[in-house]
Amino acid sequence: MPSYATPSVLPDSSAAPAVCAACAVRNSSLCGVLSDGEIGDLNAIAHRKRLQPGQFHVLEGDRSVEFANVTSGVAKLVRGSGDGRTQIVGLLFPSDFIGGALGTSAHRQEPHSIEAASPLELCLFPRDGFQRLMRRYPALEHKLLERTLTDLEVAREWMVLLGRKTAQERVATFLLYVADRMARHGCHAGLGFDLPLGRSDIADHIGLTLETVSRQITKLRSDGILEMHGARHVLAVDRDRLAERAGF
C-alpha cells in the first residue's frame, strides 16, 4: 500500500510562544503592550537567567549589553561610593524592567550593581535587538517611557522618605511599599508577605541603623498593627493604622 507522509503543521504566527503565554508577568510587564504575534519577535531574541540570593546579575560599571524583565523574585539595586561603602538604592520586583543604561553609546556603563535578594529569574534581551524592536513597535517604546516616568516619581517619593520622615514613618512606608508591590503580581495572599530583605539591608535602604529598624518593628507588633512569623514573614493586621504610621 502506498505510504503517505504526515503533513507538517506550521506554527501559528498569531499565537504567543508557549514560554511567553505561561509567563506570570506577561500582561503586567513591558511585553503586555505587544500582541501575541508581535511578542514572538521579542521571544526570538530573549534568553533566560536564574540567580540565587547573593549572586550578581551585573556589577556597577560593567558595559551595558542587555536589558531584562524580572519574571520572578526580587533584586537589589546597589550603588558604591568612593570609600568602599555601598547603598541599596532600589528594589526590583516581578514585571520590573532592567534598563537604566538606556542610550545610544556602545560604551554605556551600568549605573548600579544588581544583586538577587531572593531566587531570581530574568528574561534578557540584547540591547541592539531590543532597540530595533522599539523602533518597529512604537507601543513598546511608549510603555518604556511610561515606566521610566513612574520610576522617577518613585525616586522622588523616596527622597521625601529619606529627608523628612521619622524612623517609624520610614519603616511603615517600606512595609507598605513591599506589600503593595508583591500583591500587584500575586506574590502573596491577603495582607501577609515575605520581606525580600533582612533587617540590616532594610536599615541600609531606608537610612536607619539595624537597632532602630528592629525597635520600630517591635513597636508596630506591640501596638497590634502587624505580626511577624519567623524572620521574614509579615502579616499586616491593621493596614489602615500602618498607613497612618507611615504618614499617609
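Here goes a summary of the coordinates provided. What you see is a predicted model; the values in this text were computed from it and never measured.

We now examine the overall build of the chain. Each helix and strand in the chain was counted, giving eight helices and 11 strands. For the chain, with 248 residues in total, the buried portion stands at 42%. Counting only contacts in the chain whose residues sit at least 6 apart along the sequence, the fraction spanning at least 24 positions is 68%. By element, 53% of the accessible surface of the chain is carried by carbon and sulfur atoms, the whole surface being about 13,500 Å².

Here we take up the pairing of strand β8 (residues 120-126). Most of β8 is tucked away: five of the seven residues are buried. Pairing analysis gives five bridges linking strand β1 (residues 47-51) to β8, with the strands arranged antiparallel. Opposite histidine 47, over in β8, you have leucine 124 as the bridge partner. Alignment of strand β3 (residues 66-72) against β8, held across six bridges, turns out to be antiparallel. Bridging across to β8, serine 72 finds its partner in glutamate 121.

A word on the pairing of strand β10 (residues 226-229). Of the two faces of β10, only one is covered, namely that formed by Leu226 and Met228; the face formed by Glu227 and His229 stays uncovered. Relative to strand β11 (residues 233-236), β10 is paired through four bridges, and the arrangement is antiparallel. Bridge pairing links leucine 226 to alanine 236 in β11. Hairpin remark: β10 followed by β11, antiparallel, with three residues in the connecting loop; positive phi at glycine 230, about 75 degrees.

This brings us to the nonpolar core. In terms of nonpolar packing, the biggest core is built from 34 residues, with Phe174, Leu175, Leu195, Ile206 and Leu242 touching the most fellow members. Every element with two or more residues in this core is listed here: β5 (86-92), α4 (138-164), α5 (167-184), α6 (199-206), α7 (210-222), β10, β11 and α8 (239-245). Counting residues per element, this core draws most heavily on α5, which supplies eight residues. If near-sequence neighbours (up to four positions away) are discounted, leucine 175 is found in contact with Phe193, Leu195, Leu220, Leu226 and Leu242. Listed in part, the 17 residues of the second largest apolar core include Leu34, Cys123, Met134 and Leu144.

Reading across from one edge, β1-β8-β3-β6 is the order of the four strands in this open sheet, with antiparallel pairing throughout. Edge positions in the sheet fall to β1 and β6 (97-98), since each has one partner strand and no second. The sheet contact formed by β3 and β6 spans two bridges and is antiparallel. Across the sheet, residue alanine 68 finds its bridge partner in β6, namely isoleucine 98. Helix α3 (residues 127-136) contacts β3, β6 and β8 of the sheet and is inclined by roughly 75 degrees relative to β8.

Okay, the packing of aromatic side chains next. A full pass over the atoms with the stated rule returns six aromatic pairs. Ring centres of phenylalanine 93 and tyrosine 177 lie 5.8 Å apart, and the angle between their planes is 80 degrees; this geometry places the pair in the edge-to-face category. Separated by 84 residues along the polypeptide, phenylalanine 93 in the loop between β5 and β6 and tyrosine 177 in helix α5 bring together distant segments of the chain. Residue class for tyrosine 177 comes out partly exposed when judged on its relative accessible area of 22%. Their ring planes at 55 degrees and their centres at 5.8 Å tell us that tryptophan 158 and tyrosine 177 sit as a pair that is tilted. A residue pair is termed long-range when its members are at least 10 positions apart, and tryptophan 158 in helix α4 and tyrosine 177 in helix α5 qualify at 19 residues.

By the secondary structure assignment, aspartate 96 is in the loop between β5 and β6. Residue classification places aspartate 96 among the buried residues on the basis of a relative accessible area of 12%. Looking at aspartate 96, its side chain comes within polar contact range of the side chain of arginine 181, at 2.9 Å. Contacts of aspartate 96, omitting those with residues within four sequence positions, involve Ala68, Asn69, Val70, Leu91, Arg147 and Arg181.

A word on α3. For α3, the set of buried residues is Arg127, Gly129, Phe130, Gln131, Leu133 and Met134. For α3, the elements touching its buried residues are α2 (36-44), β3, β6, β8 and α4.

So, on to the pattern of salt bridges. Inspection of the entire model under this criterion finds 11 salt bridges. Taking the shortest distance from any N to any O, the salt bridge between arginine 50 and glutamate 121 comes out at 3.3 Å. Here the residue arginine 50 occupies a position in strand β1, and glutamate 121 occupies one in strand β8, the gap between them amounting to 71 residues. Arginine 239 serves as the salt-bridge partner of aspartate 180, at 2.7 Å between the closest nitrogen and oxygen. You can see aspartate 180 sitting in helix α5 and its partner arginine 239 sitting in helix α8, a full 59 residues away along the chain. Given a relative accessible area of 35%, aspartate 180 falls into the partly exposed group. Under the relative-accessibility criterion, arginine 239 is labelled partly exposed at 31%. Where salt bridges share partners, they join Lys76, Glu115 and Asp201 into one cluster.

Analysis parameters
Residues numbered from 1 in each chain as written. Predicted model: local features only at pLDDT ≥ 70, side-chain atom pairs only at ≥ 80, totals over all residues. Heavy atoms only, no water. Helix = DSSP H or I, 4+ residues; strand = E, 2+ residues; numbered from the N terminus. Buried < 20%, exposed > 50% of the residue type's maximum accessible area, 1.4 Å probe, protein only. Contact = heavy atoms within 4.5 Å. Areas by Shrake-Rupley, 256 points an atom, 1.4 Å probe, with all protein chains shown as cover. Pairing = 2+ DSSP bridges. Core = buried A, V, L, I, M, F, W, Y, C linked by side-chain atoms within 4.5 Å. Axes fitted to C-alpha atoms, helices over the stretch in contact; angles between N-to-C directions. Phe/Tyr/Trp six-rings, centres within 6.5 Å; stacked < 30°, edge-to-face > 60°. Polar contact = N/O pair within 3.5 Å; in protein donor to acceptor, adjacent residues only side chain to side chain. Salt bridge = Lys/Arg side-chain N within 4 Å of Asp/Glu carboxyl O.

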